[in-house]
Amino acid sequence: MSYKAFFVKKRFLTLSIVSIVVMSLTSFTTRDQQPIPTIKNSLNSNTNFEKNKPNILFIAVDDMNDWVGYLNGHGRMKIHTPNIDRLARASMVFTNAHTPSPACAPARAAILTGVHHARSGIQNTHWGDGPKWRKFPHLKNVETLEQFFKNRGYKTLGAGKIYHSQAPPWTPTSQVEPENWDFYYPSPYISHPYQIRAPDEVIYPKEVNNKSRPGESDGSGKSSWWTWGPLAVKDQKMADYHIVDWANHQLKLDHKQPFFLAVGTWKPHDPWEVPQKYFDLYPLEDIVLPFNKENDLLDAFDHGRRWIHKWVEDNKQWVKVVQSYAAAITFTDTMIGRLLDQLKESKYADNTIIVLWSDHGMHMGEKENIEKFTLWERSTRVPLIISYPGVIQAKTSCDQPVSLMDIYPTLVELSGFEKPAHLDGHSLLPQIKNPNASTTPVISSYQFTWTEKPFAGHAVRSKNYRYIYYPDIGLEELYDHQSDPNEWKNIAYKKENKKIINSHRKVLLEILPKLQWKLETPEGYKIDPNGNISFLNYNELLEKN
Ligand SMILES: [Ca+2]
């Protein structure tokens, strides 16, 4: 087919699809039965069709958990996110959204390629020590999200952390494909030249044992990443400030094509170092620590990270970690606010879909863990917000479990295109039409590498339950979120839950058809007649790590 013939066919096809979307959007009603406005002008002009496509502002936030104001994930302490909260009010928020993976690299590769890493094997890349995602056979020829829009006439603009960074130390080489972007800031090969750090006396105080500090590897007593504390600089010195500056500049330009503008913030990922004024919002005496139930892991998986939390406790840093993470969240919120302000001022305000997401959640001491890398709610639950003025009803909330894998198909359908066949996610248009429409349970997978032989785990989050399976040790976990939102009591081995277990196993089999379950008690555990599971030698384990 010639290019011209392809173009004509493509336009016809997309027009038909937009008609279907618009018709369906026109007919739905919200919970209070207010009709939803249609996509404006989309069908008015054949000659101007591509111009009437919505722009997309794709905001990727790094490591921001559900502590944001509108989700209130740390309910006993106020976290200041006024800008994300105002976007939430103008949007549909997904309060039960989860990442496909509790680590940056596999999550981002899965979200952007549309292929779940449980299928593609991408979990190896989690700290950049594996191959680039494109080298996995399932991903070799796959059309990524930004490629999808570029191939259909969009201008693709990227900045900051979208894939898992553009250069060492996080990845051996750039995870960004330069050819997919019309422009990438600061470069597809440079993460950011100006990631400012606090002085040593702030981040390596004498009163802590820096020699045993997590992340310290060369005997210097310094960690390249695991630090926190205030910076005596203005916002303008921060990498994320520059990223938003560049994005805001793009929003001031006169674009001839619709744009896909991806803006990825580096914070609130550690180092939790942001300007002093954000720390001032969270005085140490006002910090409320999250719940960490004693012996919480007795009936669960040993994530191998308790030594990290122990270091934080032994060195009296827990309150400071929570303070610094909260400060980093509010700093990020301020940067996002600048972006939202500029969009509002621009001529693109009414014809731009905004999607804001964070790549995974964050433990702040719960289950004896700081950071992510687990398959529990703390690691998988994330903010997910979608706005589209005139199409998505403001102030709506969907409480069904949804995945960040759903972003790709949702953006494709909201823009009036046909979904590519390779996508593992599901379009959220049914939920946009009716927030109570049920969804498919969400799968989060991760490869744990702290043992000699790395092994995988898979979690299923349904409306009321979290089920986790670690095939290599045969361990299962089940938590009832209606009675146990903190996931403190593993009820997987209770006879009365057999049906629930089976229905969640089936969800995993859809993406991992070869998965098998062993009949014997998981190695290293015992199960009593009432179906209570526990470690055989928990005290020894406590001493080990
Ligand atoms: Ca991350």
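Residues numbered from 1 in each chain as written. Predicted model: local features only at pLDDT ≥ 70, side-chain atom pairs only at ≥ 80, totals over all residues.

Engineer: Give me the lowdown on helix 12 (residues 407-414), citing residues and values where you can.
Structural biologist: Burial within helix 12 is extensive, with eight of its eight residues counted as buried. Among all positions in helix 12, only I407, Y408, P409, T410, L411, V412, E413 and L414 are buried. Of the residues trailing helix 12, G416 is marked for its positive phi of about 80°. (Buried ≥ 20, exposed ≤ 12 C-beta atoms within 10 Å, placed from the backbone. Helix = DSSP H or I, 4+ residues; strand = E, 2+ residues; numbered from the N terminus.)

Engineer: Pulling in residues and values, what's your account of unusual backbone geometry?
Structural biologist: Of the consecutive residues Y185 and P186, the connecting peptide bond is found in the cis state with omega at -5°. With respect to the helices and strands, P186 occurs in the loop between strand 5 (183-185) and helix 6 (200-203). Looking along the chain, the bond that leaves K267 and enters P268 is cis, with omega of 10°. Topologically, P268 is positioned in the loop between strand 6 (259-264) and helix 8 (276-280).

Engineer: Tell me about the sheet that holds strand 5, and name the residues and values.
Structural biologist: Pairing within the open sheet is mixed, and its eight strands lie in the order 5-4-6-1-7-11-2-12. Whereas interior strands pair on both sides, the edge strands pair on one side only; in this sheet they are strand 5 and strand 12 (396-398). Pairwise comparison of adjacent strand axes, ignoring direction, gives a mean angle of 15° for this sheet. By the bridge criterion, six bridges tie strand 4 (residues 155-160) to strand 6 in an arrangement that is parallel. Its bridge partner being in strand 6, K155 is matched across the sheet by F259. (Pairing = 2+ DSSP bridges. Axes fitted to C-alpha atoms, helices over the stretch in contact; angles between N-to-C directions.)

Engineer: Go over the sheet that holds strand 10 (residues 381-382), please, and point to the residues and values.
Structural biologist: Spatially, the three strands line up as an open sheet ordered 10-3-13, and their pairing is mixed. Each edge of the sheet is formed by a strand with only one pairing partner; in this case those strands are strand 10 and strand 13 (402-403). Of the pairings in the sheet, the one linking strand 3 (residues 97-98) to strand 13 comprises two bridges and is parallel in character. Within strand 13, the residue paired with H98 across the bridge is S403.

Engineer: Any details on the environment of W376? Residues and values, ideally.
Structural biologist: With respect to the helices, strands and loops of the structure, W376 is situated in the loop between strand 9 (370-371) and helix 11 (377-380). Residue classification places W376 among the buried residues on the basis of 26 C-beta atoms within 10 Å. Residues W376 and N486, spaced 110 residues apart in sequence, show a C-alpha to C-alpha distance of 9.2 Å. Setting aside anything within four residues of it in sequence, one finds W376 in contact with K367 and E487. (Contact = placed C-beta atoms within 7 Å.)

Engineer: Go over the nonpolar core, please, and point to the residues and values.
Structural biologist: By size, the foremost hydrophobic cluster in this structure holds 134 residues, and its most contacted members are I59, L261 and V355. Sorting elements by how many residues they give to this core places helix 10 (residues 318-345) first, with 13 residues. Here this core spans two domains, since at least three of its residues come from each of domain 1 (54-430) and domain 2 (445-544). In this structure V355 touches F58, I59, I386, I407 and L411, once residues within four positions along its chain are discounted. (Core = buried A, V, L, I, M, F, W, Y, C linked by C-beta atoms within 7 Å. Domains from an automatic or database assignment.)

Engineer: Describe the packing of helix 2 (residues 82-89) against helix 10, naming the residues involved and giving the relevant values.
Structural biologist: In the contact formed by helix 2 and helix 10, the axes pass within 7 Å of each other and the chain directions differ by 50°. Considered as vectors, helix 2 and helix 10 are oriented oblique to each other. Side by side, helix 2 and helix 10 meet where P82, N83, I84 and L87 of the first sit next to D333, T334, I336, G337 and L340 of the second. Within the contact of helix 2 with helix 10, the residues separate by chemical class into five nonpolar, three polar and one charged. (Parallel < 35°, antiparallel > 145°, perpendicular 65-115°, else oblique. Nonpolar A, V, L, I, M, F, W, Y, C, P; charged D, E, K, R; others polar.)

Engineer: Pulling in residues and values, what's your account of the pairing of strand 6?
Structural biologist: Taking burial as the measure, the six residues of strand 6 include six buried ones, the bulk of the element. Of the two faces of strand 6, both are covered, the one formed by F259, L261 and V263 as well as the one formed by F260, A262 and G264. Note: strand 1 (residues 55-61) against strand 6, five bridges, orientation parallel. Looking at the pairing, I56 lines up with F260 of strand 6.

Engineer: Before we move on, could you go through the pairing of strand 4 and cite the residues and values that matter?
Structural biologist: Within strand 4, five of the six residues are buried, which leaves it mostly tucked inside the rest of the structure. Examined bridge by bridge, strand 4 and strand 5 share three bridges and lie parallel to one another. Following the sheet pairing, L157 is matched in strand 5 by F183.

Engineer: Provide a residue-level description of the environment of D296, including the pertinent values.
Structural biologist: Here D296 is to be found in the loop between helix 8 and helix 9 (306-314). A count of 19 C-beta atoms within 10 Å places D296 in the partly exposed class. Sequence separation between D296 and E368 is 72 residues; the distance between their C-alpha atoms is 8.1 Å.

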